Amino acid sequence: MNFFDNVNKYANEYHNLQANPEVACEKEMPGKAFFVEDNNILAIPREDGDCRYPFGQNGFNYWVYASGYLHSNEGLFSPYLRASEGQEPKIAFFAGFKGEEHYKVIPILSVPVMDEHVQTERYTVFTKASAYYITEAEGITFAIRTFVDANKKMYYTVSATNNTDEKKTFFVSSYFNPFLKNAVMEGAENRWFRQATVLPANEGQNLDNFLVEVYEERERGAMAPNYGVFIRNLTLSEGAKLIKSEETASRNDYVGGVRSSLHTPAALYKGTFGETKKVTTFTEVSIAADMLHIELDGKASMREDIVMTYCFEDEEMEVAIHAVPAPEVIDGAEVEIINEEAQRGGAMKAKFGKRLRGEIKEEVFNAFFEHLKKQVEFCSVIKGYIQLSSFSLIGIRDVFQALEGLVFYEPEVARDKMIEALNFVQPDGRCPRQYSLPRFEGDTPNMDLRPFIDQGVWVISTIATYLRFTQDFNFLNETCGYYDFVNDKAHLAKKLDKTSSVLDHLFDMMNYLLTNRDHEYTKCVCALYGDWNDALDGLGVSKHKDREYGTGVSVMATLQVYQNCYEMIELLEILGADQYADKIDEYKQAMAEIEEGLTKYAIIANEAGEKRLVHGWGDERSYFVGSFDDPDHESRDGITSNAFWVLAGMYDKDMSIKETILNAYDRLGSKYGLKTFQPHFEKGTTGVGRIPNLPKGTAENGAAYIHASTFGVMSLFRMGETDRAWDELSKCLPFTHETVSVSPYVMPNSYGFNEEKQIDGESMQDWQTGSSNVALKTFIRFVFGVEPQYTGLWIQPSMDIPFETTAFELKVRGTHLVLKYSNHETGKRIFKVNGEIQEGIYDNVMKLEKLWLNNNFISNNKEIVVEILD
């Protein structure tokens with residue numbers, strides 16, 4: 001379908017939802033959003049939040065919002081800065097109708113908010129690669145389509161279709177205020193080194209073009225230009241006429257002066273820019289803007305295509321200036337990108353049949369799963385500066401957790417990103433908390449060097465999952481570099497000439513983790529600056545002024561290192577037990593010491609004999625967190641030590657601890673899922689770091705911080721508590737809620753609750769959050785039940801799946817694996833493999849029958865169909 005076909009399709013879907021409440025109910029999510037055909041999202045602008053979607057590839061992020069805000073960045077470089085709430089947008093589109101005294105102006109997007117005198121209906125559709133903003137007014141359907149291609153060209157199509165039989169005259173106007181700099185905010189000097197120019201149309205082109213030049217320092221004493229090229233083309237149907245076209249490079253021309261804004265654009269109310277500036281620089285803000293006065297007969301239409309290319313070389317700029325955007329080529333580019341997006345996630349598919357119970361609507365759930373895959377991919381390949389602040393970099397723990405999910409459907413992409421990140425490790429095995437990519441050869445990249453102890457644990461576990469799933473042991477031979485962390489406080493790191501293999505990097509990281517233990521007393525892992533729960537960053541502080549870090553312990557990190565020891569032993573036995581005998585013995589010894597330390601010190605009891613798994617303790621065990629008597633004298637539970645006791649394998653040693661864990665989950669429970677801590681920390685609580693400064697019931701401080709909640713869900717599945725696992729999982733999913741303040745079709749990072757502060761279900765953010773990868777891995781490993789091992793796969797679907805059927809498809813090393821689950825509620829499980837009944841094996845930990853597929857069987861079958869009948 002071409003552009004206008006899509007606009008008509010989305011308009012029909014919108015009006016069908018409005019006319020059929022029952023149909024809308026099954027497709028509806030909170031936040032005025034609906035899933036429509038092809039898993040697209042139809043969102044209606046709202047005042048209590050916003051929906052958004054990131055387009056782009058390989059770390060380029062082009063953010064589109066249902067409200068109409070648009071911004072983009074690739075690492076530190078931003079073609080368009082993000083506008084804060086209520087600020088005028090950096091990209092805007094308008095229409096105007098002749099009035100008695102002035103033009104009646106409407107934004108075609110829902111920002112900026114204006115005093116409108118025309119009745120309008122607005123809605124937005126997100127496909128996997130493009131956004132359509134549709135506004136219906138005065139019998140005309142206006143539409144804006146935008147998307148970005150693999151070359152980072154940004155496309156904008158502005159259209160109007162006369163739905164009546166009457167002649168219509170109006171104008172449409174486009175406004176672009178690009179940034180084109182490596183910076184996180186605008187400064188007073190920006191306009192000094194920036195120029196916008198209106199360029200004459202190319203041969204065969206019917207509209208003028210724009211060139212925006214921004215100069216910045218790339219290295220000491222060397223200024224160089226960043227170019228933004230805008231190429232425009234107008235297409236008119238029969239019965240459509242361009243009355244006149246105006247262009248300006250001046251923001252003052254457009255809005256009326258330095259005191260005005262896009263909320264009151266003086267030129268649009270007049271219907272003309274007057275005498276326009278064709279070149280603007282130094283003294284005022286330069287932009288690229290136009291105004292097209294159009295006449296449409298009944299049923300006629302117009303479309304203006306604008307292609308924005310940014311580049312850094314004169315030759316590339318000259319090529320871009322002379323590229324004329326043909327409509328059919330642009331439409332074809334959109335289709336190609338949508339197909340590529342579908343193909344990229346096509347290695348893993350899931351479908352839920354009719355629901356048997358609960359709040360999870362199957363039609364919504366099926367579409368949500370597709371966007372969850374996109375979210376995990378987004379979190380995996382980021383190039384930093386998602387929040388566009390100085391230290392919104394590439395988090396080691398964040399990226400590797402996401403990559404562990406991406407491994408299952410884009411293993412090649414995961415492989416490349418892991419190698420990238422491994423180049424930023426210090427020779428002693430310490431990982432940075434966050435890193436950034438050098439802007440040019442010899443550049444010193446920005447890094448967050450605070451020694452959070454847990455960074456390496458995620459690297460080791462993710463690489464273990466990658467190797468189990470792909471059997472790509474050549475990965476261990478890849479060469480990676482190192483950085484020397486010169487000054488933690490100054491965030492200064494220096495690239496070293498030293499290189500080694502991935503396997504050697506793993507040995508380095510294990511050495512760092514095992515060295516940083518309380519060797520004299522508990523044998524557990526020291527917290528240093530903190531662990532995964534980085535808001536609670538006080539446990540590692542030393543009691544002694546001559547030392548920065550003491551022997552305070554993170555139980556979660558200790559459990560993860562315990563798991564790392566097992567993962568490394570298992571890997572080295574595959575690679576060669578004799579060759580790596582010393583390492584295997586070292587890790588076995590460390591496992592034994594950690595197990596003894598955790599059993600002795602992490603489990604505490606009160607006078608009544610009640611047990612608790614503590615979150616951790618301070619230097620020299622001077623106080624506990626997550627105990628019967630915390631520093632604030634509160635009896636408190638924390639989720640992560642309980643969840644990872646199960647996930648790291650300590651639970652398997654003595655399952656009598658189950659009651660202790662479930663009792664903790666009872667106390668941590670809430671209407672929005674398992675809380676990270678209960679109760680919260682009041683301001684002034686000592687020994688816990690910055691967490692008390694978060695309001696009660698928000699983020700990690702006594703709220704359902706969903707990343708942690710999903711750790712708990714995963715542990716419930718692993719303990720065989722499937723009914724409760726599904727109940728808690730349902731609470732975590734945004735589309736089961738009445739209200740959501742962010743995008744309801746991907747995972748948020750938290751749900752707040754504080755009645756005093758009128759917080760009820762709001763979230764801090766969406767998209768960039770680890771809850772997405774834990775949710776996805778929960779579906780893969782514990783719902784559909786694919787658990788890769790070095791010698792094969794376990795197939796272990798959850799018991800009591802609350803759907804009549806599920807289907808899951810996965811590409812496993814060239815083999816097409818299909819899992820078909822049917823819930824007949826018989827209480828007995830039967831496996832069929834390619835039509836033949838196979839015996840299952842009972843798992844005493846998970847309380848279910850599971851099936852083993854060895855590597856030989858997998859490699860000898862191009863397709864394996866496993867039917868699971870419950």
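In what follows, the accompanying structure is described. (Residues numbered from 1 in each chain as written. Predicted model: local features only at pLDDT ≥ 70, side-chain atom pairs only at ≥ 80, totals over all residues. Heavy atoms only, no water.)

Describing the layout of surface pockets
- Roughly 1,000 Å³ of volume is contained in the largest pocket.
- Taken together, 34 residues make up the lining of the largest pocket; nearest its centre are Gly49, Asp50, Ser67, Tyr69 and Glu85.
- In terms of residue class, the lining of the largest pocket is built from 12 nonpolar, 11 polar and 11 charged. (1 Å grid on protein atoms, 1.4 Å probe; cavity = no way out; pocket = protein on both sides within 12 Å on 5 of 7 lines; lining within 4 Å. Points joined across faces, edges and corners; volume = space filled by probe spheres on them. Nonpolar A, V, L, I, M, F, W, Y, C, P; charged D, E, K, R; others polar.)

Here we look at a negative patch on the surface
- There is a patch of like negative charges on the surface, built from Glu313, Asp314, Glu315, Glu316 and Glu318.
- Tracing the backbone through its elements, the reader meets aspartate 314 in helix α5 (residues 314–321).
- Judged by its relative accessible area of 42%, aspartate 314 falls in the partly exposed class. (Patch = residues over 30% accessible without salt bridge, like charges linked within 9 Å, V, L, I, M, F, W, Y side chains within 5 Å. Areas by Shrake-Rupley, 256 points an atom, 1.4 Å probe, with all protein chains shown as cover. Salt bridge = Lys/Arg side-chain N within 4 Å of Asp/Glu carboxyl O. Lys, Arg positive; Asp, Glu negative; His and termini not counted. Charge placed at Lys NZ, Arg CZ, Asp CG, Glu CD. Helix = DSSP H or I, 4+ residues; strand = E, 2+ residues; numbered from the N terminus. Buried < 20%, exposed > 50% of the residue type's maximum accessible area, 1.4 Å probe, protein only.)

Quick notes on the packing of aromatic side chains
- Taken as a whole, this structure holds 60 aromatic pairs when the rule is applied.
- Both rings, one in tyrosine 254 and one in phenylalanine 273, keep their centres 5.5 Å apart while their planes meet at 40 degrees; by these two values the pair is tilted. On the criterion of sequence distance, the pair formed by tyrosine 254 in helix α3 (residues 251–255) and phenylalanine 273 in the loop between α4 (266–270) and β20 (279–281) is long-range, its members being 19 residues apart. Per residue, the accessibility class of tyrosine 254 equals that of phenylalanine 273, and both read buried.
- Taken together through their ring pairs, the aromatic side chains of Phe352, Phe365, Phe368, Phe369, Phe717, Trp726, Phe735, Phe779, Phe782, Phe784, Phe803 and Phe808 make up a single cluster.
- Across from the ring centre of phenylalanine 452, 5.4 Å away, lies the NZ or CZ of arginine 397, which sits over that ring.
- Directly above the aromatic system of phenylalanine 452 lies the positively charged group of arginine 433, at a separation of 4.7 Å from the ring centroid. (Phe/Tyr/Trp six-rings, centres within 6.5 Å; stacked < 30°, edge-to-face > 60°. Lys NZ or Arg CZ within 6 Å of the ring centre and 35° of its normal.)

With respect to the sheet that holds strand β8 (residues 91–97)
- Across the sheet, 5 strands lie side by side as β9-β8-β14-β21-β19; this open sheet has antiparallel pairing. One side of each edge strand has no neighbouring strand; the edge strands of this open sheet are β9 (104–107) and β19 (240–250). Across the sheet, the mean angle separating the axes of adjacent strands is 20 degrees when strand polarity is ignored.
- Note that strand β14 (residues 168–176) and strand β21 (residues 286–296) share 9 bridges and pair antiparallel. Bridge pairing in β21 links threonine 169 to glutamate 295. (Pairing = 2+ DSSP bridges. Axes fitted to C-alpha atoms, helices over the stretch in contact; angles between N-to-C directions.)

Looking at the sheet that holds strand β46 (residues 841–843)
- What the 4 strands build is an open sheet, ordered β40-β41-β47-β46; its pairing is antiparallel. With one partner strand each, in any of the chains shown, β40 (786–789) and β46 form the two edges of the open sheet. Taken pair by pair, the neighbouring strands of this sheet meet at an average axis angle of 35 degrees, ignoring direction.
- The pairing of β46 with strand β47 (residues 848–854) spans 3 bridges and is antiparallel. Paired with isoleucine 841 across the bridge in β47 is lysine 850.

Some points on the environment of proline 89
- Position of proline 89 relative to the elements: it lies in the loop between β7 (77–80) and β8.
- Along the backbone, proline 89 and cysteine 524 are 435 residues apart, and their C-alpha atoms lie at a distance of 52 Å.

Re a nonpolar patch on the surface
- Residues Trp192, Phe193, Tyr215, Met223 and Phe282 make up a contiguous nonpolar surface patch of roughly 500 Å² in combined accessible area.
- By the secondary structure assignment, phenylalanine 282 is in the loop between β20 and β21.

Some thoughts on helix α14 (residues 639–647)
- With 9 of its 9 residues buried, α14 lies for the most part within the structure.
- Within α14, burial applies to Ile639, Thr640, Ser641, Asn642, Ala643, Phe644, Trp645, Val646 and Leu647.
- Remark: glycine 649 follows α14 within two positions and exhibits a positive phi of approximately 100 degrees.

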